[in-house]
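# Secondary and tertiary structure notes
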Number of protein chains: 2
Amino acid sequence: MNKHFRSNCPISSALDIIGDKWSLLIIRDMMFPGKKTYSEFSNSSEKIATNILSSRLSMLEELGIINKGKEEGNKKTNIYSLTQKGKELLPIILEIAQWSDNNLNDHLKDSAKPFVNKFKSNKDEFAKNMYLFFENRKR
Amino acid sequence: MNKHFRSNCPISSALDIIGDKWSLLIIRDMMFPGKKTYSEFSNSSEKIATNILSSRLSMLEELGIINKGKEEGNKKTNIYSLTQKGKELLPIILEIAQWSDNNLNDHLKDSAKPFVNKFKSNKDEFAKNMYLFFENRKR
DNA sequence: ATTATTACTTGCGTTTTGAAAGTTATTGCA
DNA sequence: TGCAATAACTTTCAAAACGCAAGTAATAAT
């Protein structure tokens, strides 16, 4: 149990990594709108500060949740992508979305509803399809 | 969309509430070992500072995730309990535990493994049984 | 009556966050 | 070829949150 982790509890240890207000939002943006560059993350509707974005991206990379690379022919733009470890955060994010849909209903946008309802109706299949979608998304 | 929330995204809004290193740990302690008093929370293996604990408990109460009450015959000890909204955080916590079990395996304690495996084998039934357990836990 | 317990609150130094501006290296365009 | 725009940061600095230690008030136990 190294210095990152408060205890050897699975829940506590996960929260040591993703237990903040920004990490899962970056991952959400990678999963659903398929964002992959610094400036795309920077333009999220939650307006993350650039220094925080920068530190979160390095942290997530260091922890093996995302990869950082380039596309050939472009030396400027960094391409961030989810590792397997990162992709497996999907069920957590989906359960969070469902909880919000059930419990914070008053102020949420409606456009997420069909999405959440589909997830509710068959969670396993929905997740499986999302994983396929991740694989087939054009780069 | 009031001042608490950065956007009207379900995931972002949930993280505005539970997106920190402590809230879900308090809720974990209420769910699994069935903790219900200030001093019990204070003794968790992650050693939360008393001022943080105090502020999280009021925040969670204000947000309708926990209730604060007394038991008859004891004017000293406050009893905290999960509301329905709070209990429904269970699936999120279970998915977090599963993710850790799959991805942080190296440093976790083994005692959680049978628990996580049981969840993996049939998530819906496992969650349903946990909800029943919450109801029947002696006070 | 005294001590212990419970649930805090306060003070204060440290760390993290957040807004804004600045920097460096490409890249697109005239 | 030169210049503006873009991408990805880094720096600065004030404000907020955190975390440790100590203190307090009410109740309960001895």
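The rules we used
- Residues numbered from 1 in each chain as written.
- Chains lettered and ligands numbered in written order.
- Predicted model: local features only at pLDDT ≥ 70, side-chain atom pairs only at ≥ 80, totals over all residues.
- Heavy atoms only, no water.
- Helix = DSSP H or I, 4+ residues; strand = E, 2+ residues; numbered from the N terminus.
- Expected span 1.5 Å × (residues − 1).
- Buried < 20%, exposed > 50% of the residue type's maximum accessible area, 1.4 Å probe, protein only.
- Arc of directions from axis to C-beta.
- Contact = heavy atoms within 4.5 Å.
- Phe/Tyr/Trp six-rings, centres within 6.5 Å; stacked < 30°, edge-to-face > 60°.
- Buried area = accessible area lost by both parts, 1.4 Å probe.
- Salt bridge = Lys/Arg side-chain N within 4 Å of Asp/Glu carboxyl O.
- Polar contact = N/O pair within 3.5 Å; in protein donor to acceptor, adjacent residues only side chain to side chain.
- Nonpolar A, V, L, I, M, F, W, Y, C, P; charged D, E, K, R; others polar.
- Axes fitted to C-alpha atoms, helices over the stretch in contact; angles between N-to-C directions.
- Parallel < 35°, antiparallel > 145°, perpendicular 65-115°, else oblique.
- Left-handed = near helix turned anticlockwise from the far one by under 90°.
- Near = heavy atom within 4 Å.

This brings us to helix H8 (residues 123–136) of chain A. Residue and element names in this part refer to chain A. Taking 1.5 Å per residue, 14 residues should reach 20 Å; H8 reaches 20 Å between its end C-alpha atoms and fits that length. Buried residues of H8: Phe126, Ala127, Met130 and Phe134, and no others. Angularly, the buried residues of H8 cover 95° about the axis, an arc narrow enough to put them on a single face. For H8, exposure combined with an orientation more than 90 degrees from the buried face picks out Asp124, Lys128 and Asn136. In the core, the buried residues of H8 are packed alongside helix H2 (23–31), helix H5 (84–87), helix H6 (90–103) and helix H7 (113–121).

All names here are of chain B. Evaluation of the coordinates by the stated rule reveals 12 aromatic pairs over all chains. Ring geometry for Phe115 versus Phe126: centroids 5.1 Å apart, planes at 85°, classification edge-to-face. On the criterion of sequence distance, the pair formed by Phe115 in helix H7 (residues 113–121) and Phe126 in helix H8 (residues 123–136) is long-range, its members being 11 residues apart. Using a relative accessible area of 32% as the deciding quantity, one classes Phe115 as partly exposed. Judged by its relative accessible area of 10%, Phe126 is buried. Relative to Phe126, the ring of Phe119 has its centre 5.8 Å away and its plane inclined at 65°; by these criteria the two rings are edge-to-face.

Once that is clear, we can look at the interface of chain A and chain B. Each partner contributes to the interface: chain A provides 43 residues, whereas chain B provides 43 residues. In total, about 4,200 Å² of surface goes out of reach between chain A and chain B, with carbon and sulfur atoms giving 68% of it. There are 0 salt bridges connecting chain A and chain B. Summed over the shared surface of chain A and chain B, the number is 20 residue pairs in polar contact (both at pLDDT 80 or more). Counting only elements with at least two residues in the side of chain A that touches chain B, the list comes to helix H1 (10–18), H2 and H6 of chain A. Considering every element that reaches the side of chain A that touches chain B, the biggest residue donor is H6(A), with 10 residues. Of the residues assigned to the side of chain A that touches chain B, the class counts are 23 nonpolar, 10 polar and 10 charged.

A separate point is the packing of H6(A) against H8(A). All names here are of chain A. In the contact formed by H6 and H8, the axes pass within 11 Å of each other and the chain directions differ by 125°. Of the possible angle classes, the one that applies to H6 and H8 is oblique. For the pair H6 and H8, the sense of crossing is right-handed. In this structure, H6 uses Leu90, Pro91, Leu94, Glu95 and Gln98 to contact H8, whose residues at the interface are Lys123, Phe126, Ala127, Met130, Tyr131 and Phe134. Taken together, the residues of the contact of H6 with H8 sort by class into 8 nonpolar, 1 polar and 2 charged.

Glancing now at the protein's contact with DNA strand D. Around DNA strand D lies a shell of 21 residues, among which A:Ser39, A:Thr50, A:Tyr80, B:Arg56 and B:Lys75 are the nearest. When the atoms of DNA strand D within 4 Å of the protein are sorted by group, sugar and phosphate make up 66%. Measuring from a base oxygen of DNA strand D, one finds a side-chain N or O atom of A:Thr50 at 2.7 Å. Here A:Lys68 contributes a side-chain N or O atom positioned 3.1 Å from a phosphate oxygen of DNA strand D. Of all the secondary structure elements, the ones that give two or more residues to the surface near DNA strand D are helix H3 (38–42), helix H4 (50–62) and strand E2 (78–82) of chain A together with helix H4 (50–62) of chain B. Considering each element in turn, the surface near DNA strand D owes the most residues, 4 residues, to H4(B). By residue class, the composition of the surface near DNA strand D is 5 nonpolar, 11 polar and 5 charged.

One non-glycine residue, A:Lys47, adopts positive backbone phi at about 55°. With respect to the secondary-structure elements, A:Lys47 resides in the loop between H3 and H4.

Attention now goes to the protein's contact with DNA strand C. A:Asn51, A:Lys75, B:Ser39, B:Thr50 and B:Tyr80 are the nearest of the 20 residues found near DNA strand C. A share of 63% is what sugar and phosphate atoms reach among the atoms of DNA strand C within 4 Å of the protein. Between DNA strand C and B:Thr50 there is a distance of 2.8 Å, counted from a base oxygen to a side-chain nitrogen or oxygen. Between B:Lys68 and DNA strand C, the recorded distance is 3.2 Å, taken from a side-chain N or O atom to a phosphate oxygen. Of all the secondary structure elements, the ones that give two or more residues to the surface near DNA strand C are H4 of chain A together with helix H3 (38–42), H4 and strand E2 (78–82) of chain B.

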